[in-house]
Amino acid sequence: MRLRPTQWLIVAFLLLLIFYPEFHCSKKIPPFGVLMIDRSDSMRGAKPGIIDSPFKLKRFEFGSKESGTAIGDGILKVMDRYEETSFIILYSDGANTHGENPIEVASMIGIPVYIIYPSFSPDMQGFISVFGPEIIEEGDTAIFKVHYQTYQTSLLSLLDGGVLDKKEVAGEGVIEFAINPPSGRHTFEFNLSIGEEIIDRTYRNLLVKERPKVLVLTCRLDWNYKFFYHYFKEMGFEVSGIWKKDDLGLSFSDYDIICMINPESNMIEQLGGYIKNGGNAIVVNSSILSTEFLPLIAPKMININTELPIKYYLKPGGIRRGASSIYVMGERLVYFFNYGDGRVAQFACLDPWRLRLVGKGVYRRDLFGELMSKLLKFLIPVRLNISYPSRLIEGEELKIIFEPIVPDSFILDGQRKNVLDEYIIISQPDRGLHNFRVVFPSSTFVCSLRVVSGRDDRMGIDITMLDAIANISGGGKWEDDFEQSLFGFKEKNLFINLRHNWVFISMLFALLFVDWYFWMKGK
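The shown structure was predicted, so the numbers you read here are calculated from the model rather than taken from an experiment.

Basis of the calculations
Residues numbered from 1 in each chain as written. Predicted model: local features only at pLDDT ≥ 70, side-chain atom pairs only at ≥ 80, totals over all residues. Heavy atoms only, no water. Patch = residues over 30% accessible without salt bridge, like charges linked within 9 Å, V, L, I, M, F, W, Y side chains within 5 Å. Areas by Shrake-Rupley, 256 points an atom, 1.4 Å probe, with all protein chains shown as cover. Salt bridge = Lys/Arg side-chain N within 4 Å of Asp/Glu carboxyl O. Helix = DSSP H or I, 4+ residues; strand = E, 2+ residues; numbered from the N terminus. Buried < 20%, exposed > 50% of the residue type's maximum accessible area, 1.4 Å probe, protein only. Pairing = 2+ DSSP bridges. Axes fitted to C-alpha atoms, helices over the stretch in contact; angles between N-to-C directions. Expected span 1.5 Å × (residues − 1). Contact = heavy atoms within 4.5 Å. Core = buried A, V, L, I, M, F, W, Y, C linked by side-chain atoms within 4.5 Å. Polar contact = N/O pair within 3.5 Å; in protein donor to acceptor, adjacent residues only side chain to side chain.

Student: Would you take a moment to explain a nonpolar patch on the surface for this structure?
Tutor: Together, Phe513, Val514, Trp516, Tyr517, Phe518, Trp519 and Met520 make up an exposed nonpolar region whose accessible area comes to about 740 Å². By secondary structure assignment, the location of Met520 is in helix H9 (residues 502-522).

Structure representation (structure tokens):
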């Protein structure tokens, strides 16, 4: 029987399938590279542009579907897909957030990784958030805490336009700046910069007040005089003490507070005029007179040990309208009252100095200091001192401190929040811009806060990471003028299984069809 040529081929194909279904061969691959492009959120807006290369480049994008950047995982995927590649060009900011360590991966792949630094606009290279006071007293230290998140930039602090300090920073952290400015109003500037280019800046205002001047005056020297005098000294006030009658030639208007102990009748008119014109007074009187500016109560006043004698009760009428009181350990000890443009406080006990001894001895507390602290907040109203960060990273808590007055209410984005003493804490506010209002008895403070995520706030380029990847793999910074002789041809080993090779199987079926065709034609 004579076989046709097609039948000989079919027999040969079948014999290959039976006796030699598998074989190996090699193929020469010309050099080419893979351009890895980071598409994570931190690279939004950065474009690689046109890259000149003497070698053919294949394009591989990574990071667009992941939450963050996985450079190491991206390199492994490239090597799995393009195992014959001669080199990799990495276009990324180097901000590796999860996955395999890219430096370890680059050391194992056996080919060089070249890097191209992306270019960012200034608002994509980092940010700072400043937390500090808005008012201090002369001689105190203002401490500003600057939270930064950036890559290899300079952090400068400036006072009224002049540079105070400069620090080189990288990554994320907090730096404290302790500053002792003179009295007056000052403007502080904190900024991140690269050379002459400002990346981010924040301004904070600071009022440095002169220390209050206090006159402690008594016509009869006693323990009250000594305790009040030393208390104001301990508080850092500028204190003058007078207890002789013939030293009363001083003008009350030179002082912020007059602490008058056991005044005589000839001083009452002068003290009343001082208060009415805007002065502040504390009165401790063992022989209480019925003066119109004293907001005293009748018929029962509290003493540390005993009640006041009936002869010291004021005229009938009870509490003066508008007077308020301060309680210590459940006892009403001080009444305070606005008179004219000033304020006056009258102690309802004859020996307030005993509060310190009794408090420390029995309660282990400085009751005298606690009482005076509350009293001074009434007598010397100050500008609102609200300390808060201008920006937070998502996941951090927001803490706002109020000094020295506790606000009536705090409203964040239209919702009222609880105030915890002199501060408020909001646990992990949502990302975005938030507006809040702090309502005080005499005014309302309005401000805003932006909460950002690390992926949305561009932190620039992690040059350290990128250089490490390039150096450990034998690469470097990509240069367009690489010579073609830098990389040679690669041989690719091919493994062919004829039983699973669709080309071979297709050729066999094609021969069968052709043979059938000639056979039918011969019929």
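Student: What am I meant to see in unusual backbone geometry here?
Tutor: What you tend to see is this: most non-glycine residues have negative phi, and most peptide bonds are trans. Unusually for a residue other than glycine, Asp413 sits at a positive phi of about 50°. Along the chain, Asp413 falls in the loop between strand S22 (409-412) and strand S23 (415-417). The partly exposed category is assigned to Asp413, whose relative accessible area is 41%. If you check the backbone angles, Gln428 has positive phi at about 45° while not being a glycine.

Student: Explanation requested: the sheet that holds strand S26 (residues 444-452) in the structure shown.
Tutor: The pairing of strands in a sheet happens through backbone hydrogen bonds and is either parallel or antiparallel. If you walk across this open sheet you meet the five strands as S20-S26-S25-S22-S23, and the pairing is mixed. Strand pairing shows two members of the sheet lacking a second neighbour, strand S20 (391-393) and S23, which therefore form its edges. Looking at each pair of strands side by side, their axes are set apart by 30° on average, direction ignored. Strand direction decides the pairing type here: S20 and S26, joined by three bridges, are parallel. Looking across to S26, one finds that Arg391 is bridged to Arg450.

Student: Sorry if this is basic, but what is going on with the pattern of salt bridges here?
Tutor: Where side chains of opposite charge bring their charged atoms close, a pairing between them can arise. Here the structure, examined in full by the defined rule, presents five salt bridges. Residues Glu61 and Arg39 are paired through a salt bridge, measuring 3.4 Å at the closest nitrogen-oxygen approach. Placement of Glu61 in strand S3 (residues 56-62) and of Arg39 in the loop between strand S2 (32-38) and S3 is noted, with a sequence separation of 22 residues between them. Among the residues examined, Glu61 registers a relative accessible area of 42% and is labelled partly exposed. The class for Arg39 is partly exposed, based on a relative accessible area of 30%. Residues Glu61 and Arg59 are paired through a salt bridge, measuring 3.4 Å at the closest nitrogen-oxygen approach. In this structure Arg59 comes out as partly exposed when scored by relative accessible area, which is 48%. One network of salt bridges, in which partners are shared, links Arg39, Arg59 and Glu61.

Student: Would you mind going over helix H5 (residues 265-276) with me for this structure?
Tutor: Quick reminder: α-helices carry 3.6 residues per turn. Residues three or four places apart thus point the same way. With 12 residues, H5 ought to run about 16 Å at 1.5 Å a step, and its terminal C-alpha atoms sit 17 Å apart, in line with that. Residues of H5 that are buried in the fold lie against strand S12 (213-218), strand S14 (257-261), strand S15 (280-284), strand S17 (331-339) and strand S18 (342-347). Within two residues after H5, Gly278 carries a phi angle of roughly 110°, on the positive side.

Student: Honestly, the nonpolar core in this entry has me stumped. Any pointers?
Tutor: The tendency in soluble globular proteins is for nonpolar side chains to be buried side by side. If you look at the biggest cluster of nonpolar residues, it comprises 31 residues, and the most contacted ones within it are Val216, Phe228, Phe232, Ile282, Phe347, Met372 and Leu375. Every element with two or more residues in this core is listed here: S12, helix H4 (223-234), S14, S15, strand S16 (324-328), S17, S18 and helix H7 (367-379). Considering each element in turn, this core owes the most residues, eight residues, to H7. Those residues in contact with Met372 that lie beyond four places of it in its chain are Phe228, Tyr231, Phe232, Ile282 and Phe347. In this structure, Leu90, Val105, Ile461 and Met465 belong to the second largest nonpolar core, which totals 24 residues.

Student: Got a minute to help me understand the sheet that holds strand S27 (residues 476-477) in this structure?
Tutor: In space, the five strands of this open sheet follow the order S3-S2-S4-S5-S27, with parallel pairing throughout. Looking at strand neighbours, the two that pair on one side only are S3 and S27, the edges of this open sheet. In this sheet, S3 lies alongside S2 in parallel orientation, the contact comprising seven bridges. Across the sheet, the residue bridging to Val34 is Lys58, located in S3.

Student: I tried to follow the side chain of His186 on my own but got confused; where do I start?
Tutor: For His186, the location among the structural elements is in strand S10 (residues 184-194). Polar side-chain contacts of His186 include one of 2.7 Å to the backbone oxygen of Pro182. Residues within four places of His186 in sequence aside, it is in contact with Leu159, Asp160, Pro181, Arg204, Asn205, Leu206 and Val208.

Student: Would you mind going over the pairing of S17 with me for this structure?
Tutor: Regular strands have side chains that alternate between both faces of the sheet. As paired strands, S16 and S17 are joined by five bridges and run antiparallel to one another. Residue Tyr327 lies in a different strand from S17, and its bridge partner there is Arg332. The pairing of S17 with S18 spans six bridges and is classified as antiparallel. By the bridge assignment, Tyr339 is partnered in S18 with Gly342. Counting the residues in the hairpin turn of S17 and S18 gives two residues, including Gly340, whose phi is positive at 65°.

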